[in-house]
Amino acid sequence: MGLFKKNEKETEPQYYLSATNIKTYNYKVYYMSLKEKVAYFALAFVVGAVVGYLFYGGIGKDEFGNPTVLTYILNVLISSTVGIVAGIMFLPIRTNQIINKKQHILKAQFRDMLESLTTSLGAGKNVTDSFKTVYDDLKVQYEEDAYILKELEIVLSGMANNVDVEDVLEDFGRRSGIGDIESFANVFRICYRKGGNIKDTIRSTHEILSDKMEIAEDIETVVTGSKNEQNIMVVMPIILIGMIKLMSEDFAANFVTVTGIISTTVAICMFVASYFIGKAVLNIKV
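The shown structure was predicted, so the numbers you read here are calculated from the model rather than taken from an experiment.

Q: Mind showing me how you'd approach the overall build of the protein here?
A: A count of helices and strands for the protein gives nine helices and two strands. Relative to the compact-globule value of 19 Å for 286 residues, the protein shows a C-alpha radius of gyration of 27 Å, a clear excess of over 25%. Seen along its three principal axes, the alpha-carbon backbone of the protein occupies a region of about 90 × 40 × 30 Å. In the protein, which comprises 286 residues, the proportion classed as buried is 36%. Contacts in the protein between residues far apart in sequence, at least 24 positions, make up 59% of those at least 6 positions apart. For the protein, the distance from the average position of its 29 positive side-chain charges to the average position of its 33 negative side-chain charges is 5 Å.

Spelled out as structure tokens, the structure:
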């Protein structure tokens, strides 16, 4: 991977080692620690088990409506199965959420870097001095563990050790998994080596990135209401079933009949399908 030495034991490692022996982060993947996996799995398991019991609890009662040994066995078995399935499904979902959040933060910080870099270049500084100035400026704005500060440290370390800045930026773009950063690195390489106008290139990139992020924020504001409605629609069947079973035992008995089980299963499948379809529709990319 260019400047970075890839760990051959992993197809996509969490970290790479830069040419100057600095540990660099791979934003495209995230590997949970054992503690995180246990915590998230346990959370999803509890929620899944409760939902499984609400929808399928009470199967196997006798003709008088009294629970039997089979009822207790099925309650535990069904709840545990649904909980395990929920836990297994939630881990990759949560992993993607974490990756998307990190990339979103990095993208916003990268925009600020471009803004500061444009200002420095506009003041007549060369590329090396501009990156040093940007690092000093962003140190005031962000905490020391901010992603962009770590990346600027890699850039400055590379330049101090005679590593081409365009190579460092190109590797940063690949590790980021963000198309805008990759495009910037490619354009920067061409302009820097072919004698193009670096200042105009960076300014244009900053303007385009800022416009895209503003549009994305506007879209997110518009669809927030729909996303909230979608989440409510997912939770409502669970609340309704719980209220029905608590308020009317006679009516709740219909859910454990063959017809009730089939109807419940079909309804759950429809709600799950509609949730993922709605999520795909509302996930608008810019």
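Q: So what exactly am I meant to see when it comes to the packing of helix 2 (residues 69-122) against helix 7 (residues 198-247) here?
A: The description of two packed helices rests on the angle between their axes and on the distance between the axes. Between helix 2 and helix 7, the shortest axis-to-axis distance is 9 Å and the interhelical angle comes to 150 degrees. The orientation of helix 2 relative to helix 7 falls into the category roughly antiparallel. Judged by the twist between their axes, the crossing of helix 2 over helix 7 is left-handed. From helix 2, Lys 107, Ala 108, Phe 110, Arg 111, Leu 114, Glu 115, Leu 117, Thr 118, Leu 121 and Gly 122 reach across to helix 7, where they touch Ile 198, Lys 199, Ile 202, Arg 203, Thr 205, His 206, Leu 209, Ser 210 and Met 213.

Q: How should the nonpolar core be read in this particular structure?
A: The nonpolar side chains of a soluble globular protein tend to be buried with one another. Core analysis: the biggest nonpolar cluster contains 43 residues, and Phe 110, Phe 131, Ile 148 and Phe 188 have the highest contact counts within it. Elements supplying a minimum of two residues to this core: helix 2, helix 3 (127-141), helix 4 (147-160), helix 5 (165-176), helix 6 (179-194) and helix 7. Sort the elements by how many residues they give to this core and helix 2 lands first, with nine residues. In contact with Phe 110, not counting residues within four places along its chain, are Ile 148, Phe 172, Ile 181, Phe 184 and Leu 209. Counting residues in hydrophobic clusters, the runner-up holds seven residues, among them Leu 54, Tyr 56, Ile 59 and Ile 241.

Q: Explain unusual backbone geometry to me, please; I cannot follow it from the model alone.
A: For residues other than glycine, phi is negative in most cases, and the peptide bonds are mostly trans. You will see that Asn 21, though not glycine, has its phi angle at about 65 degrees, which is positive. We classify Asn 21 as exposed; its relative accessible area is 54%.

Q: Explanation requested: the pattern of salt bridges in the structure shown.
A: Any two side chains of opposite charge can pair, so long as their charged atoms come close to each other. Applying the stated rule across the entire model yields nine salt bridges. Residues Arg 189 and Glu 170 are paired through a salt bridge, measuring 2.7 Å at the closest nitrogen-oxygen approach. With Arg 189 in helix 6 and Glu 170 in helix 5, this residue pair connects regions lying 19 residues apart in the sequence. A relative accessible area of 26% places Arg 189 in the partly exposed class. A salt bridge links Lys 212 to Asp 180; the shortest N-O distance between them is 2.9 Å. Residue Lys 212 is found in helix 7, and its partner Asp 180 is found in helix 6; the two are separated by 32 residues along the sequence. One network of salt bridges, with partners in common, ties together Asp 167, Glu 170, Asp 171, Arg 174 and Arg 189.

Q: Looking at this structure, I do not really get the environment of Ile 59. What am I missing?
A: Its place among the elements puts Ile 59 in the loop between helix 1 (34-56) and helix 2. Every residue in contact with Ile 59, bar those within four places of it in the chain, is listed here: Leu 70, Thr 71, Leu 74, Asn 75, Ile 78, Val 256 and Ile 261.

Q: Explain the packing of aromatic side chains to me, please; I cannot follow it from the model alone.
A: Think of a pair of aromatic rings as described by two things: how far the centres are apart, and how the planes are tilted against each other in angle. Under the definition given, this model contains 11 aromatic pairs. With a centroid separation of 5.8 Å and 45 degrees between ring planes, the pair formed by Phe 184 and Phe 188 is classed as tilted. Of this pair, Phe 184 and Phe 188 both sit in helix 6, separated by four residues, roughly a single helical turn. Neither residue differs from the other here; Phe 184 and Phe 188 are each classed as buried. Through a chain of ring-to-ring contacts, three or more aromatic side chains come together here, namely Phe 110, Phe 172, Phe 184, Phe 188 and Tyr 192.

Q: Sorry if this is basic, but what is going on with the environment of Leu 209 here?
A: Checked against the element boundaries, Leu 209 lands in helix 7. Residue Leu 209 is classed as buried on the basis of its relative accessible area of 2%. Measuring from C-alpha to C-alpha, the distance between Leu 209 and Met 270 comes to 39 Å, with 61 residues separating the pair along the chain.

Calculation criteria
- Residues numbered from 1 in each chain as written.
- Predicted model: local features only at pLDDT ≥ 70, side-chain atom pairs only at ≥ 80, totals over all residues.
- Heavy atoms only, no water.
- Helix = DSSP H or I, 4+ residues; strand = E, 2+ residues; numbered from the N terminus.
- Rg over C-alpha atoms; globule rule 2.2 N^0.38 Å.
- Buried < 20%, exposed > 50% of the residue type's maximum accessible area, 1.4 Å probe, protein only.
- Contact = heavy atoms within 4.5 Å.
- Lys, Arg positive; Asp, Glu negative; His and termini not counted.
- Charge placed at Lys NZ, Arg CZ, Asp CG, Glu CD.
- Axes fitted to C-alpha atoms, helices over the stretch in contact; angles between N-to-C directions.
- Parallel < 35°, antiparallel > 145°, perpendicular 65-115°, else oblique.
- Left-handed = near helix turned anticlockwise from the far one by under 90°.
- Core = buried A, V, L, I, M, F, W, Y, C linked by side-chain atoms within 4.5 Å.
- Salt bridge = Lys/Arg side-chain N within 4 Å of Asp/Glu carboxyl O.
- Phe/Tyr/Trp six-rings, centres within 6.5 Å; stacked < 30°, edge-to-face > 60°.

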